[in-house]
Amino acid sequence: MHVGHAEAKTLKAGDWALGDRTLDGLLLPPKAYEPGQCIARSEESLIRKPSAYRPSSHLIAKLRDYEVRHKRCAPKAVHFSQNGTNSMEDLGDCQFVVWIANSGLGNRMITIASAFVYALLTDRVLLLDHNGTDIGGLYCEPFPGTSWLLPENYDYRWMDKVVWENDHRLGRLLQSSGYANVTLPAPVPNNYVFANLMHNNDEHDKRFFCGKVQRQLKRVPLLYWRSNVYVVPGLHFVYPFHRELDLMFPERGTVFHHMSRYLFRPSNLVWGTILRFRQPHLAAAHRQVGLQLRILESNITAPAVADQLLACVLEKKILPQQSPNTEDKLLSSKTGSTAVLVTSLDEVYYQKLQNYYLDLPAEGPDYIGVHTPSKEETQQFGFDHDKKAWVDMYLLSLSDTLVTSPQSTFGYVGQALAGATPWILTKTKSAETAEETFQEHGYCNRGISLEPCFHAPPLLDCKGRGPGHALDPSSILHFIKPCEDVLGGVKIMPSTAGDRTDERLHQPLSPGIKI
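As the structure is a computational prediction, the values presented were derived from the model and not from experiment.

Undergrad: Explanation requested: the sheet that holds strand 4 (residues 222-227) in the structure shown.
TA: Backbone-to-backbone hydrogen bonds join strands into a sheet, with any given pair of strands oriented parallel or antiparallel. The strand order across the open sheet built from four strands is 2-1-4-3, with neighbouring strands paired in parallel fashion. Across the chains shown, the open sheet's two edge strands, defined by having one partner strand only, are strand 2 (125-128) and strand 3 (192-197). Ignoring strand direction, the axes of neighbouring strands in this sheet form an average angle of 25°. The sheet contact formed by strand 1 (residues 96-100) and strand 4 spans five bridges and is parallel. Opposite Phe96, over in strand 4, you have Leu222 as the bridge partner. Lying over the sheet, helix 2 (residues 57-73) contacts strand 1 and strand 2, oriented at roughly 60° with respect to strand 2.

Undergrad: Teacher, can you tell me more about the pairing of strand 1 here?
TA: With respect to burial, strand 1 is a largely interior element, five of its five residues being buried. Of the two faces of strand 1, the one lined by Phe96, Val98 and Ile100 and the one lined by Val97 and Trp99 are each fully buried. For strand 1 and strand 2, the ladder comprises four bridges, and the chain directions are parallel. Of the residues in strand 2, the one forming a bridge with Val97 is Leu126. Read from strand 1 through helix 4 (residues 105-122) to strand 2, the crossover connection turns out right-handed.

Undergrad: It is not clear to me how the state of the cysteines should be interpreted in this structure. Could you clarify?
TA: This model, assessed by the stated rule, comprises five disulfides. Two residues share a disulfide in this structure: Cys210 and Cys462, whose sulfurs sit 2.0 Å from each other. Taking the torsion about the sulfur-sulfur bond, which here is approximately -85°, the covalent link between Cys210 and Cys462 counts as left-handed. Here Cys210 is found in the loop between strand 3 and helix 8 (211-217), whereas its partner Cys462 is found in the loop between strand 10 (444-446) and strand 11 (480-482), with 252 residues between them in sequence. Across the pair, Cys462 and Cys210 agree in class, each one buried. Sequence-ordered numbering of the bonded cysteines in the protein chain gives a pairing of 1-4, 2-3, 5-9, 6-7, 8-10.

Undergrad: Just to check I follow, could you spell out the packing of aromatic side chains for this structure?
TA: What characterises a pair of aromatic rings is the spacing of the ring centres plus the angle enclosed by the ring planes. Evaluated as defined, the whole model comprises 22 aromatic pairs. With a centroid separation of 5.6 Å and 85° between ring planes, the pair formed by Tyr192 and Tyr224 is classed as edge-to-face. With a gap of 32 residues between them, Tyr192 in strand 3 and Tyr224 in strand 4 connect regions that are remote in the sequence. Across the pair, exposure class does not vary: Tyr192 and Tyr224 are buried alike. Within the aromatic cluster, the residues linked to one another by ring pairs are Tyr66, Phe116, Tyr139, Phe143, Trp148, Tyr262, Phe264, Trp271, Trp390 and Tyr394. The ring of Trp164 is capped by Arg169, whose NZ or CZ atom sits 3.9 Å from the centre of that ring.

What counts and how
- Residues numbered from 1 in each chain as written.
- Predicted model: local features only at pLDDT ≥ 70, side-chain atom pairs only at ≥ 80, totals over all residues.
- Heavy atoms only, no water.
- Pairing = 2+ DSSP bridges.
- Helix = DSSP H or I, 4+ residues; strand = E, 2+ residues; numbered from the N terminus.
- Axes fitted to C-alpha atoms, helices over the stretch in contact; angles between N-to-C directions.
- Contact = heavy atoms within 4.5 Å.
- Buried < 20%, exposed > 50% of the residue type's maximum accessible area, 1.4 Å probe, protein only.
- Right-handed = clockwise from strand over helix to strand, strands pointing away.
- Disulfide = S-S within 2.5 Å.
- Phe/Tyr/Trp six-rings, centres within 6.5 Å; stacked < 30°, edge-to-face > 60°.
- Lys NZ or Arg CZ within 6 Å of the ring centre and 35° of its normal.

In structure tokens, the structure reads:
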């Protein structure tokens with residue numbers, strides 16, 4: 001564990017206006033936690049601007065109830081069977097969702113948040129697999145007086161068997177009853193089910209998002225959760241979940257915003273690194289622009305994307321043009337500074353912008369300073385890489401304006417913590433067709449929602465009608481629409497004044513669900 005108690009505090013309330021450490025009641029006050037365990041819990045309000053979105057009273061009540069339940073039930077994890085044979089006597093009246101680590105850090109964060117939302121909806125307790133991930137070294141414990149990690153003595157060799165071939169995989173259990181039945185065996189052997197929510201799961205696994213299946217899962221005390229995608233939009237397809245989600249999040253597009261700010265707080269070790277970069281490089285600027293770059297297509301080059309990035313920030317007036325005016329060269333013409341933070345595996349984006357603003361002065365009253373915290377060239381794995389990635393995400397999230405890459409979970413985390421809908425670089429199929437694409441769609445466009453994209457949503461056939469009867473996930477609810485950055489993905493759209501849920505009601509104001 002990398003707790004880092006020796007990290008000295010470097011922020012003082014006298015230097016900034018002391019913010020609300022509870023984030024409008026989303027968090028318990030720092031005194032509810034062990035002193036010194038999480039310095040960021042006391043200090044981050046000094047450097048992060050308040051959110052424009054207040055958590056609902058219903059969400060706050062659900063979180064306080066959850067914290068009590070977690071403290072009562074999490075210790076029972078020591079009774080989890082080491083071979084998957086769990087008894088009701090060992091688990092008592094507690095039910096669990098056990099998150100299994102998978103993919104890179106951004107994917108892990110969006111899937112932890114998804115699993116936690118599911119735990120809130122189902123009165124379960126979330127516990128995390130930390131085998132090889134050192135979650136405790138990256139994040140503070142979010143729940144007072146207890147841990148969200150599986151016990152240290154848990155046999156992870158057994159966890160390696162919770163994969164596609166596992167007999168307890170939800171899809172396999174449903175398939176055994178026949179396609180039209182949509183029925184789990186009763187009782188479920190050994191009291192556990194494996195929910196395979198990976199992007200490439202099959203049509204039977206996708207029935208996790210059917211109300212009939214969720215009603216049956218209520219009697220299963222232990223649910224193992226393996227995923228690499230943000231599934232919250234799919235939870236709306238289960239009507240009781242939809243009602244509860246609308247009460248917890250009346251502004252529908254703020255689920256990951258509130259959940260990320262509740263769950264993910266830098267450990268003392270990470271917090272020290274964040275401050276040692278921010279204070280000398282970014283703190284003095286009156287405005288911060290965050291740029292997150294990641295190429296997922298093999299036929300697009302980094303220099304081409306660097307050109308696109310510069311064209312984007314100039315076209316949308318996110319950053320100023322170079323100035324031909326000689327008066328802009330005078331020291332007296334500049335009264336402030338804008339800090340540009342570039343987060344990427346490749347240094348070419350940083351170099352492109354730095355050279356642009358060093359060669360000639362910029363228009364307007366600000367000096368433009370370009371900074372990058374880390375340059376690793378290729379994606380790596382392990383604690384050191386995860387620590388650098390988490391530092392980059394957090395620094396990115398302190399930005400006033402964001403530009404992100406399409407389909408990047410790294411960017412999803414940054415925008416959620418910031419509470420800022422980003423500009424998203426236009427996706428191109430190839431270098432040969434890029435200019436034609438830019439002429440038609442622009443170099444970048446404003447995102448349509450603060451929420452992440454569900455990259456692999458289900459085609460739903462909850463009644464077992466067979467091929468040709470599955471519902472398009474973007475046609476089920478009026479506020480779940482196609483993503484702007486992932487073909488075939490869906491996301492939760494912002495609420496409008498006419499369809500927000502009134503917290504005093506127990507019925508949402510949205511149309512009924514058709515499945």
